[in-house]
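Below, each chain spelled out in residue letters.
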Amino acid sequence: MASLPINPTLNSHTPTLKPKSSLKFPESHFITYQEDGRNDKLLHKSYYFKLLGSLCKQGKLQESVDFLNQMEYRNLYIGPEFYGELLQGCVNERDLQLGQQIHAKILKSGDFFAKNEYIETKLVIFYAKCDDFYVSNHLFCRLRKQNVFSWAAIIGLHCRMNLSKEALWKYIEMLENGILGDNFVLPNVLKACGALNFVEFGKCVHGHVCKLGFEGCVFVASSLIDMYGKCGFLDDARKVFDYMVERNVVAWNSLIVSYMQNGLNEEAIGVFYDMRTAAIEPTRVTLSSFLSASANLCALQEGEQGHAISILSGLDLDKILGSSLINFYAKVGLVNDAELIFDMLIEKDVVTWNLLMSCYVQSGQIDKALNLSRLMRLKGFRFDSVTLSTMLSASAELRDLKLGKEGHCFCIRNNFENDVVVASGIMNMYAKCEKIPDARRVFDYTVEKDLVLWNTLLAAYAEVGLSGESLKLFYQMQLYGLPQNTISWNSVILGFLRNGQINEAIDMFTQMKTVGLDPNMVTYTTLISGLSQNGHNGEALAYFKQLLQAGYRPNSASIVAALSASTNMASLHYGRAIHGYILRQKIPLSLPVATSLVDMYTKCGSLNSAKCIFDLIPEKELALYNAMISGYALHGRTIEALALFKHLCKEGVKPDSITFTSVLSSCCHAGLVKEGLDVLYDMLSVYHMQPRMEHYGCIITLLSRCGDLDEAMQLIQSMPFKPDANVFESLLVACRELRETELEEHIAKCLIKMEPENSGHYVSLSNAYATTGRWDEVSKLRDLMKKKGLRKRPGCSWIQVGTELHMFVSGDRWHPHTQEISTILALLDREMQLTRFFFNN
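Residues numbered from 1 in each chain as written. Predicted model: local features only at pLDDT ≥ 70, side-chain atom pairs only at ≥ 80, totals over all residues. Heavy atoms only, no water.

**Student:** Pulling in residues and values, what's your account of the overall build of the chain?
**Tutor:** Within the chain, the secondary structure is distributed over 46 helices and two strands. For the chain, buried positions account for 46% of its 841 residues. Excluding contacts between residues fewer than 6 apart, the proportion of contacts in the chain whose partners are at least 24 apart in sequence is 60%. A total of about 44100 Å² of accessible surface is found on the chain, and carbon and sulfur atoms cover 54% of it. (Helix = DSSP H or I, 4+ residues; strand = E, 2+ residues; numbered from the N terminus. Buried < 20%, exposed > 50% of the residue type's maximum accessible area, 1.4 Å probe, protein only. Contact = heavy atoms within 4.5 Å. Areas by Shrake-Rupley, 256 points an atom, 1.4 Å probe, with all protein chains shown as cover.)

**Student:** Explain the pattern of salt bridges residue by residue, including any values.
**Tutor:** Overall, the coordinates contain 15 salt bridges when judged by the stated rule. Glutamate 120 is paired through a salt bridge with arginine 144; the nearest N and O atoms lie 3.6 Å apart. With a gap of 24 residues between them, glutamate 120 in helix α6 (residues 117-129) and arginine 144 in the loop between α7 (133-142) and α8 (148-160) connect regions that are remote in the sequence. Judged by relative accessible area, arginine 144 falls into the exposed class, the value being 59%. (Salt bridge = Lys/Arg side-chain N within 4 Å of Asp/Glu carboxyl O.)

**Student:** How would you sum up helix α35 (residues 607-616)? Please name residues and give values.
**Tutor:** For α35, every residue scored as buried is listed here: Leu607, Ala610, Ile613 and Phe614. Down the axis of α35, the sector holding all buried residues measures 120°, keeping them to one side. Opposite its buried face, α35 presents the exposed residues Asn608 and Leu616, each directed more than 90 degrees away. Buried residues along α35 sit against α33 (572-584), α34 (591-603), α36 (622-634) and α37 (638-650). (Arc of directions from axis to C-beta.)

**Student:** Provide a residue-level description of the side chain of serine 310, including the pertinent values.
**Tutor:** Looking at where serine 310 falls in the secondary structure, it is placed in helix α17 (residues 300-312). Here histidine 307 takes part through its backbone oxygen, which lies 2.5 Å from a polar atom of the side chain of serine 310. The contacts of serine 310, once residues within four sequence positions are left out, are Leu287, Leu315 and Leu321. (Polar contact = N/O pair within 3.5 Å; in protein donor to acceptor, adjacent residues only side chain to side chain.)

**Student:** Please give an account of the packing of aromatic side chains that cites residues and values.
**Tutor:** All told, the structure shown has 20 aromatic pairs when counted by the stated rule. Centre to centre, the rings of phenylalanine 614 and tyrosine 625 are 5.7 Å apart; their planes meet at 70°, and the pair counts as edge-to-face. One end of the pair, phenylalanine 614, is in helix α35; the other, tyrosine 625, is in helix α36, with 11 residues separating them in the sequence. Tyrosine 625 gets classed as buried once you look at its relative accessible area, which sits at 4%. Three or more aromatic residues joined by ring pairs make a cluster, and in this case those are Phe509, Tyr524, Tyr543 and Tyr552. Cation over ring: arginine 247 sits above phenylalanine 241, and NZ or CZ is 4.4 Å from the ring centre. (Phe/Tyr/Trp six-rings, centres within 6.5 Å; stacked < 30°, edge-to-face > 60°. Lys NZ or Arg CZ within 6 Å of the ring centre and 35° of its normal.)

**Student:** Explain the side chain of asparagine 327 to me, and be specific about the residues and the numbers.
**Tutor:** The topology assignment puts asparagine 327 in helix α18 (residues 319-331). Take asparagine 327: its relative accessible area is 18%, and that puts it in the buried class. In contact with asparagine 327, other than residues within four places in its own chain, are Ala295 and Leu355.

**Student:** Help me get a handle on the packing of α7 against α8, residues and values and all.
**Tutor:** Two measures define how a pair of helices packs: the angle their axes make with one another and the distance between the axes. Viewed as axis vectors pointing N to C, α7 and α8 meet at an angle of 150°, and their least axial separation amounts to 11 Å. Here α8 runs roughly antiparallel to α7, going by the angle between their axes. Crossing handedness for the pair α7 and α8: left-handed. Here Phe133, Ser136, Asn137 and Phe140 of α7 lie close against α8, whose contacting residues are Ser150, Trp151, Ile154, Leu157 and His158. Considering only residue class, the contact of α7 with α8 consists of five nonpolar, four polar and no charged. (Axes fitted to C-alpha atoms, helices over the stretch in contact; angles between N-to-C directions. Parallel < 35°, antiparallel > 145°, perpendicular 65-115°, else oblique. Left-handed = near helix turned anticlockwise from the far one by under 90°. Nonpolar A, V, L, I, M, F, W, Y, C, P; charged D, E, K, R; others polar.)

**Student:** Give me the lowdown on the confidence of the model for the chain, citing residues and values where you can.
**Tutor:** Chain-level statistics for the chain give a pLDDT mean of 81 and a share of 83% at 70 or above. Confidence drops under pLDDT 50 across residues 5-43; counting only partners more than four residues distant or on other chains, this segment forms 63 contacts. (pLDDT = per-residue confidence, 0-100.)

**Student:** Report on helix α12 (residues 218-230), specifying residues and quantitative values.
**Tutor:** Taking 1.5 Å per residue, 13 residues should reach 18 Å; α12 reaches 18 Å between its end C-alpha atoms and fits that length. In terms of burial, α12 is a largely internal element, 10 of the 13 residues being buried. Among all positions of α12, only Val218, Val220, Ala221, Ser222, Ser223, Leu224, Ile225, Met227, Tyr228 and Gly229 are buried. Here the buried face of α12 lies against α10 (185-196), α11 (199-212), α13 (234-243) and α14 (249-261). In the stretch just after α12, glycine 232 is the one whose phi turns positive, near 80°. (Expected span 1.5 Å × (residues − 1).)

**Student:** Account for a nonpolar patch on the surface, with residues named and values stated.
**Tutor:** A contiguous nonpolar surface patch, about 460 Å² in accessible area, is contributed by Ile821, Ile824, Leu825, Leu827 and Leu828. Of note, leucine 828 is situated in helix α46 (residues 818-840). Residue leucine 828 is classed as partly exposed on the basis of its relative accessible area of 44%. (Patch = residues over 30% accessible without salt bridge, like charges linked within 9 Å, V, L, I, M, F, W, Y side chains within 5 Å.)

**Student:** Explain the packing of helix α19 (residues 335-344) against helix α20 (residues 350-362) to me, and be specific about the residues and the numbers.
**Tutor:** Remark: α19 packs on α20, axes separated minimally by 10 Å, with the N-to-C direction vectors making an angle of 165°. Between α19 and α20, the angle is such that the two are roughly antiparallel. Two packed elements cross with a definite hand, and for α19 against α20 that hand is left-handed. From α19, Val335, Ala338, Glu339 and Phe342 reach across to α20, where they touch Thr352, Trp353, Leu356, Cys359 and Tyr360. Of the residues belonging to the contact of α19 with α20, the class tally is seven nonpolar, one polar and one charged.

**Student:** Go over unusual backbone geometry with me, naming the residues and quoting the values.
**Tutor:** The backbone of asparagine 415 shows a phi angle near 60°, a positive value even though the residue is not glycine. When its relative accessible area of 66% is taken as the criterion, asparagine 415 is described as exposed. In this model, histidine 688 sits at a positive phi of 50°, which is unusual for a non-glycine residue. As for its position among the elements, histidine 688 is in the loop between α39 (673-685) and α40 (693-705). Using a relative accessible area of 66% as the deciding quantity, one classes histidine 688 as exposed.

**Student:** For the state of the cysteines, give the residues involved together with the corresponding values.
**Tutor:** Considering all chains together, one arrives at zero disulfides under this definition. Cysteine 204 carries a free sulfur, and the closest cysteine sulfur to it, the one in cysteine 193, is 8.7 Å from it. The class of cysteine 204 is exposed, set by a relative accessible area of 52%. (Disulfide = S-S within 2.5 Å.)

**Student:** Describe in detail the environment of glutamine 533, supporting the description with residues and values.
**Tutor:** Relative to the assigned elements, glutamine 533 resides in helix α30 (residues 521-533). Glutamine 533 sits 35 residues away from arginine 498 along the chain, and the two C-alpha atoms are 9.1 Å apart.

Put into structure tokens, the structure is as follows:
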């Protein structure tokens, strides 16, 4: 930007003011005016002006003022440019108080200075840069001539005050007054366009940039990249970047930030590497954006490289860089590293405290989060809306209603209850604690409701399956003129799925497309998971295909949901297809995906494939161990299940209820009574876990199958809770096998009392009567079943051959190849009988 024009008129009215008594400037600074010449005076004026300017640039503002006072005392010439230089020094240092004193001195010096165009403009710039909105606007309106410099200052001020629309109106007014923008005005205008998402206006400004010849200005071009990035037009941002002849670090930063803010984290990292190749030294902004992109991708190696570069570049660990590093390490799960960065920070602000607190909450270390909040208060930091939201989130994760209510009370006492961020946190806390009416009450009492608040209540209703309430709220949003976004639609779909309303959920998904709103990854994942959980596995896999056809790269959650559908169908074909897609697309084998693959392969009969996946994961967690142990148990591989259980314990992984259920089930299938009792003993004495009904059920089944009915009955009587039907059913089967008819009859009668609508119990009792020849009782029991409308549920199984699924129901002969199947079964049965006869003899 060119320098402001200075009125060169010599001043014969320079006031003579006494300097401060404390001033002791060296005499060498001053040259005595010679009586005889104007040229000498101009020469000396230039010398003094340069000296004053040097002091201002060094930030020695008080010395500059003292120097000016000395000049006045010596009756030396002082022109408007001297006061302009002082004001510029105040701008550089953002020293509002000293600038106001200089302004007062200008006014006292008379109209020659006060009404000078250069001084008037400088004053507008000074107050604008110091963010004094009222004074700067007042002086601007009083300007006799509003030039491009004053317009640049006032437009920039509006942008900094987040008055973006007003900034654009000022720009339009400037153009109407015949003044064209320069390389200071245009970046501010583009910033306002980006803040408002006014891409069409921004394109018009881009046209002005080209017409005025500023496309080669690196600052204007960087602002164009930033504007297009904020508006989501990344192709246009990239074009501007590619056409730049000269690129500085600001331009590179603008492109990296644009990609990162639009979720294109891989592209952001790619641009960072290109920047390094171009030998451009990164700044804190560069590394902060790079670390954010790495955090979003959970890219540990890249983030650690960014940290190393910051150290090698000698960048101080300030609040900006420190916050980015804490955020990165928190998101990749390295809590200890996040703590180290926090401890190394010399100066901490509320943001850094909040980030570490959020890190603790995300990693489940709620106690640490609470202790940190107390320490934060002791250090004199005030909680803000983010702090309170984090604490409320901790309460929600713990389902700790008491802690959540304490947080709510704190918000009320400190006037945070109308903050929409805090209100959303309070509502989420009540929803997670299953206090939906309380969440609704908070919503109703919040004065200013934004889209986030509406979506929070929608999600609360959806999570507990209140589909009617969520749909009603969804339509209320339209009545209030609030446009629903993808999150709103996703919540309604989830509500229907939670309530088992499959058709309604699919209809909502279809309507979403008709209104021009594209389903996102969360939409597809919600639908796939919900369909799978409700037994609609074929439809779930069909929507997984749609997800791929829509061009989305599936995440862990969507892959796990699709694998779950394949497992429910016992479809090895689909499971392998999904596994193949994972390998072809080089999708990282995360623990949830690996666990789902192991579960799928074991339940679909491919134990070796499950073992291969299990062995591929270097750092195993409990869920993966459980899936593999359960697979061994399912396939009757008891030795392997027990060996893996012992290995798990040696590795220091604490087993849970599911682990013990799988191990005990495996012992039960193999009839290993001693081993099963040892596992139950370890559960009680070593891990101090109270066995549940399913654990007792496994042991009772184990004892029953081995003929220890008395031991089984004693265990039932000693259980700390009332036995359920499953426990008695396992005992019933054993009684039938051991021909304990009397006990079988007694247990069957107990089961009928427990579950009077279960036809299987009536059949069991009927079989007990038939064994002892009590046919009258059998007939009565069957008549009773007819009266109650109970029918024996036929067994059902299915097998997949190629892509075709074949289902077989007990007693049904509808299959077209029934005759051939029956022949093969008869041959197999004959072969088994012959083999048994051979071994028995």
